[in-house]
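Next come the chains, spelled out residue by residue.
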Amino acid sequence: MLLRIRPAAAAAPSLRRISSTYSARSSFSISSSSSPYALFPPTNIFTAHSLHSTTNLSESTTAQIAPDTPQESEIIFVGTGTSEGIPRVSCLTNPYKKCEVCSKAANPGDKNKRLNTSILIRYSQPAGNLNILIDAGKFFYHSALRWFPTIGIRKLDAVLITHSHADAIGGLDDLRDWTNNVQRNIPIYVANRDFEVMKKTHYYLVDTSVVTPGAAVSDLQFKIINEEPFVVYDIKFTPLPVWHGKDYRSLGFRFGNICYISDVSEIPEETYPLLKDCDLLIMDALRPDRSSATHFGLPRALEEVRKIQPKRTLFTGMMHLMDHEKINEQLIKLKDSEGLDVQLSYDGLRVPVTL
Ligand SMILES: [Zn+2]
Ligand SMILES: [Zn+2]
């Protein structure tokens, strides 16, 4: 079921520019006429800018958008599950105990089948769509394979990173298919602490001078963000800093009146004002009974919903103890009893939004 989101006026916190931009692509790979990148005309390059940038937006974007069919903006749930994916292989090979959820999830099309948590914002503009992905985890290839051809997602105009765990950045290498065959490069918006991790986990994507000449890895343009709002094309993103375990920071993102918090164990007091007047909250809910050290469980997630008071909530990041149909049957009752519009999301869910 698709529900339309009608945001009220957006909050307008103070804005600062992205602190720095880092691109390590060695110059020869783009400038050489024999480079495969010569396949892509310069108009395919998308530029990102801060609100304070002097870049003329109409000049920087209108001529550069691929001729997609214009349509309504929407959020696509690329993945809604935990790091190991659902079904768990270990559940399907367990001779002693049958896991009900993983057994169901093994069936094609079942809503309990979940890959790494991620969404794609498909932003409709008169000249075409912009596709902005939040996180590209270990199973990004499999999610993209499942949904992108069906939905018609070809290019990736930006990737925003919530944090640097493997289920959020493990798919950076797979972006090579896009930068080799669809577009010249992809801007990656990432906090400096997570960029420092990428220097170790994906050192060859950060410093492409180490790559064997002739090998074509992902061409990523790293744009370092801090915890201040920034602009991608003409969408303002407000980082929502949260704790994801003790002393470990993760970012949620607010865009329009939509708030996305995929990995959270604690919301700091200073983040709550950024969640005001939220039309759609997408939030972490790992398991039905309790929270873990790094994630909200469903009871805590519901407590937060009562506090934040969004118009609608979709939970994400569910493990195999979360039975899609059974939990949603319980959650729907909260509409009558408390006026809470809360449901579990699922891989492939599309929600029309106004941005
Ligand atoms: Zn299981
Ligand atoms: Zn994580």
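Scroll up to find the structure.
Quick notes on the rules
- Residue indices begin from 1 for each chain and proceed along its sequence in written order.
- Whichever chain is written first is A, and whichever ligand is written first is 1; the rest continue in order.
- The predicted nature of this model means local features are confined to residues of pLDDT at least 70 and side-chain atom pairs, given and counted, to a pLDDT of 80 or more, with totals for whole chains, interfaces and linings taken over all residues.
- Labels follow the DSSP assignment, with helices taken as runs of H or I lasting at least four residues and strands as runs of E lasting at least two, numbered in each case from the N terminus.
- Residues with at least 20 other C-beta atoms within 10 Å of their own are called buried, those with 12 or fewer are called exposed, and the rest are partly exposed. The C-beta atoms themselves are positioned from the backbone.
- Contacts here follow a simple rule: the backbone-placed C-beta atoms of the two residues must lie within 7 Å.
- In this scheme, a helix's expected span is set at 1.5 Å multiplied by one less than its residue total.
- Strand pairing follows a simple DSSP-based rule, namely that at least 2 bridges must link the two strands.
- Inter-axis angles, ranging from 0 to 180 degrees, are taken between N-to-C directions of lines fitted to C-alpha atoms, where helices are fitted over the stretch in contact.
- Clockwise travel from the first strand over the helix to the second, with the strands pointing away from the viewer, marks a crossover as right-handed.
- As used here, a nonpolar core is made of buried Ala, Val, Leu, Ile, Met, Phe, Trp, Tyr and Cys residues. They are joined through C-beta atoms within 7 Å.

*Asks:* Any details on the overall build of the chain? Residues and values, ideally.
*Replies:* When you go through the chain residue by residue, the secondary structure sums to eleven helices and 15 strands. When each of the 355 residues of the chain is scored for burial, the buried share is 45%. Counted over contacts in the chain with a minimum sequence separation of 6, partners at least 24 positions apart contribute 69%.

*Asks:* Go over helix H11 (residues 324-338), please, and point to the residues and values.
*Replies:* The end-to-end C-alpha separation of H11 is 21 Å, in line with the 21 Å expected for 15 residues at 1.5 Å each. A positive backbone phi angle near 75° is found at Gly339, which sits one or two residues after H11.

*Asks:* Tell me about the sheet that holds strand S8 (residues 230-232), residues and numbers included.
*Replies:* Reading across the sheet, the seven strands line up as S8-S9-S10-S11-S12-S13-S14 and stay open at both edges, with mixed pairing between neighbours. With one partner strand each, in any of the chains shown, S8 and strand S14 (342-344) form the two edges of the open sheet. For this sheet, the mean angle separating the axes of adjacent strands, direction not counted, is 25°. Packed on one face of the sheet, helix H10 (residues 298-308) meets strand S12 (280-284), strand S13 (312-316) and S14 and runs near 155° to S12.

*Asks:* Before we move on, could you go through unusual backbone geometry and cite the residues and values that matter?
*Replies:* At the junction of Ile86 and Pro87, the peptide bond is cis and its omega measures out at 10° in the coordinates. Tracing the chain through its elements places Pro87 in the loop between strand S2 (74-79) and helix H3 (89-92). Unusually for a residue other than glycine, Asp277 sits at a positive phi of about 55°. Topologically, Asp277 is positioned in the loop between strand S11 (258-261) and S12.

*Asks:* Give a detailed account of the pairing of S13, specifying residues and quantitative values.
*Replies:* Summarising burial for S13: four of the five residues are buried, a large majority. Relative to S13, S12 runs parallel, the two being bridged by five bridges. Counted as the bridge partner of Leu281 is Thr313 from S13. Remark: the S12/H10/S13 crossover connection has right-handed handedness. Pairing geometry for S13 and S14, over three bridges, is parallel. Within the sheet, the bridge partner assigned to Phe315 lies in S14 and is Leu344.

*Asks:* Explain the environment of Ile225 residue by residue, including any values.
*Replies:* Inspection of the secondary structure assignment puts Ile225 in strand S7 (residues 220-225). Ile225 sits in the buried class, given 25 other C-beta atoms within 10 Å. For the pair Ile225 and Tyr189, spaced 36 residues apart in sequence, the C-alpha separation works out to 6.3 Å.

*Asks:* Account for the nonpolar core, naming residues and giving values.
*Replies:* Buried together is how nonpolar side chains tend to be arranged in soluble globular proteins. Counting residues in hydrophobic clusters, the biggest one holds 80 residues, and the most contacted among them are Ile119, Val159, Leu160 and Tyr189. Counting residues per element, this core draws most heavily on strand S6 (residues 186-191), which supplies five residues.

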